[in-house]
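Chains, contacts and geometry: an overview
Take a look at the letters that make up each chain.
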Amino acid sequence: MIVVGAGQAGGWAAQTMRTEGFQGRIILVGEETHLPYERPPLSKGLLAGEGTPEQCYLQDRLHYRKRDIELRLGTKATVLDLESRQVHLSNGETLDYDKLLLATGSRVRKLDVSGGKLANIFYLRTIEDMLLIRPRLKPGADLVIVGGGYIGLEVAATACGRGCNVTVVERERTVMNRVVAPEVGAFFAEVHEKQGVNLQFGGSVARFEGQRRVERVVCDDGTVIPADVVIIGVGARPNDELAAVAGLVVDDGIVIDEYGQTVDQHVFAAGDVANHPNAVLGRHVRLESWQNAQNQAITVAQTMCGNRTPYRDVPWFWSDQFNLTLQIVGLATDWDSLVYRGNVEEQKFTVFYLRDGAVVAANAVNNPRDIHFARQLVAEKRRITPSVLSDLQVPLKKLF
């Protein structure tokens, strides 16, 4: 078994292959020099100066040695030959495989504007990125964040806690517009503004200016924002080029079936790079989330070991911002009504997204107890009378 991609998905897949009883060679190939690790702390605790990068590792090096999982870290897979079932690596090595898992993840989407190569302009994706950014978040520093999605807002909250003057530039009219309703985005925008974050809506970055390092951000509406540091978070792209060149089907990621298999019976994919059929949504989707990277990798590895297991998880995401924890189940892409449960003023509530009376997604703010039941409602597309759904006197578990 060869796993290309030593991130969270790759790490979990390799471990699962052993726990499933596979006795042959397992080789884990990764471009980064770090052991497989979780990324969420990079914009939260680690960026705030809490802990060390090693605490993000899924397991220590001894764990892989005891399970006889061979590591090829700091090494890139350069060519995939489907006919000969070989992977060529950047270190000159050629590996034969019986089955191959592509867990190559995604990379940051770059912002192509003038001045983008000035010093102190960063993207946050890896431990190395975090280590470059962290010492620059000093009290009084002018930080400009481009993009008001998860990463941008988490970094904004962390930087505020470190005493920075934070401005977020978002071209849409609300934050997190791709994942939550405008009403929920407005709630989070208000929280950030009360904490001192300057939110600039409706404009895009035209250029960065400065002498050798960035000094200001100029927007297309003429707004000029002082900047000692800039962090850009405008989405990600799947690392699917290796698969595409090899001849696998690629469409915003590597296209797989519900078992993780590509059009080649010996090649599978999981995690950020995988475009998979989602039974709950009724369509193919590519997800960038901690839950999907872990759980899909586990189920696909089980299938590769002979325990054929379909992946049918309800999408789940979370984000920590200031004193708020937002949890999302389902994808809020198409709804006709919202139902609130709880008290928005007390910052503890759940929003249910309904389409034709059925629950298709939910957002829980500081309300973790609702998530388990919300996931079931979404999975079953359960139709619940809105007045019952919003009634705190009716426990959600009684709806089942």
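Our structure is the block above this text.
A brief look at the structure comes next. (Residues numbered from 1 in each chain as written. Predicted model: local features only at pLDDT ≥ 70, side-chain atom pairs only at ≥ 80, totals over all residues. Heavy atoms only, no water.)

For the protein, the count of helices and strands is nine helices and 26 strands. In terms of overall size, the protein behaves like a compact globule, its C-alpha atoms giving a radius of gyration of 22 Å where 400 residues would be expected to give roughly 21 Å. Taken over the C-alpha atoms alone, the protein extends approximately 60 × 55 × 35 Å along its principal axes. Within the protein, the proportion of its 400 residues that are buried is 51%. The long-range share in the protein, meaning contacts at least 24 apart out of those at least 6 apart in sequence, stands at 59%. Total accessible area computed for the protein in this model is approximately 17700 Å², and 46% of it derives from carbon and sulfur atoms. Across the protein, the 44 positively charged side chains and the 48 negatively charged ones have centroids separated by 3 Å. (Helix = DSSP H or I, 4+ residues; strand = E, 2+ residues; numbered from the N terminus. Rg over C-alpha atoms; globule rule 2.2 N^0.38 Å. Buried < 20%, exposed > 50% of the residue type's maximum accessible area, 1.4 Å probe, protein only. Contact = heavy atoms within 4.5 Å. Areas by Shrake-Rupley, 256 points an atom, 1.4 Å probe, with all protein chains shown as cover. Lys, Arg positive; Asp, Glu negative; His and termini not counted. Charge placed at Lys NZ, Arg CZ, Asp CG, Glu CD.)

Right, let's talk about the pairing of strand S22 (residues 316-321) for a bit. Regular strands place their side chains on alternate faces of the sheet. Bridge analysis of S22 against strand S23 (residues 324-330) gives six bridges, and the strand direction is antiparallel. Across the sheet, residue Gln321 finds its bridge partner in S23, namely Leu324. Where S22 folds back onto S23 in an antiparallel hairpin, the turn is made up of two residues, including Phe322, whose phi is positive at roughly 55°. (Pairing = 2+ DSSP bridges.)

This paragraph deals with the packing of helix H1 (residues 8-19) against helix H7 (residues 290-304). Across the interface, H1 lies against H7 with an axial gap of 8 Å and an inter-helix angle of 35°. Handedness of the crossing formed by H1 with H7: right-handed. Contacts from Gln8, Ala9, Trp12, Ala13, Thr16 and Met17 in H1 reach Trp290, Ala293, Gln294, Ala297, Ile298, Ala301, Gln302 and Met304 in H7. Here the contact of H1 with H7 is composed, by residue class, of ten nonpolar, four polar and no charged. (Axes fitted to C-alpha atoms, helices over the stretch in contact; angles between N-to-C directions. Left-handed = near helix turned anticlockwise from the far one by under 90°. Nonpolar A, V, L, I, M, F, W, Y, C, P; charged D, E, K, R; others polar.)

Another aspect to go through is the sheet that holds strand S13 (residues 205-209). Ordered by their spatial adjacency, three strands build an open sheet running S13-S14-S15, and the pairing between neighbours is antiparallel. Each edge of the open sheet carries a strand with a single partner, namely S13 and strand S15 (224-226). Each strand axis lies, on average, 20° off the axis of its neighbour in the sheet, ignoring direction. Judged from the three bridges that link them, strand S14 (residues 216-219) and S15 form a sheet pairing that is antiparallel. For Val217, the partnering residue across the bridge sits in S15 and is Ile225.

Before going further, it helps to examine the sheet that holds strand S3 (residues 69-73). Backbone hydrogen bonds hold the strands of a sheet together, and the pairing may be parallel or antiparallel. Ordered in space as S3-S2-S1-S7-S19, the five strands form an open sheet in which the pairing is parallel. Looking at which strands have only one partner, the edges of the open sheet turn out to be S3 and strand S19 (267-269). The mean inter-strand angle of the sheet, taken between neighbouring strand axes irrespective of direction, is 20°. Alignment of strand S2 (residues 26-30) against S3, held across five bridges, turns out to be parallel. By the bridge assignment, Val29 is partnered in S3 with Arg72. The sheet contacts of H1 involve strand S1 (2-4), S2, S3 and strand S7 (100-102), and relative to S2 the element is tilted by about 175°. Packed onto the sheet, H7 meets S7 and S19 and runs at close to 165° relative to S19.

A separate point is the environment of Leu95. One can find Leu95 in strand S6 (residues 94-96). Overall, Leu95 belongs to the buried group, its relative accessible area being 5%. Expressed as a C-alpha distance, the spacing of Leu95 and Ala77, which sit 18 residues apart in the sequence, is 9.9 Å.

Another point: unusual backbone geometry. In the Ramachandran plot, Met176 falls in the positive-phi region, its phi being about 50° despite a non-glycine side chain. Looking at where Met176 falls in the secondary structure, it is placed in the loop between strand S11 (165-170) and helix H5 (182-194).

What follows deals with a positive patch on the surface. Together, Lys348, Arg369, Lys397 and Lys398 make up a positively charged patch on the protein surface. Inspection of the secondary structure puts Arg369 in helix H8 (residues 369-380). (Patch = residues over 30% accessible without salt bridge, like charges linked within 9 Å, V, L, I, M, F, W, Y side chains within 5 Å. Salt bridge = Lys/Arg side-chain N within 4 Å of Asp/Glu carboxyl O.)

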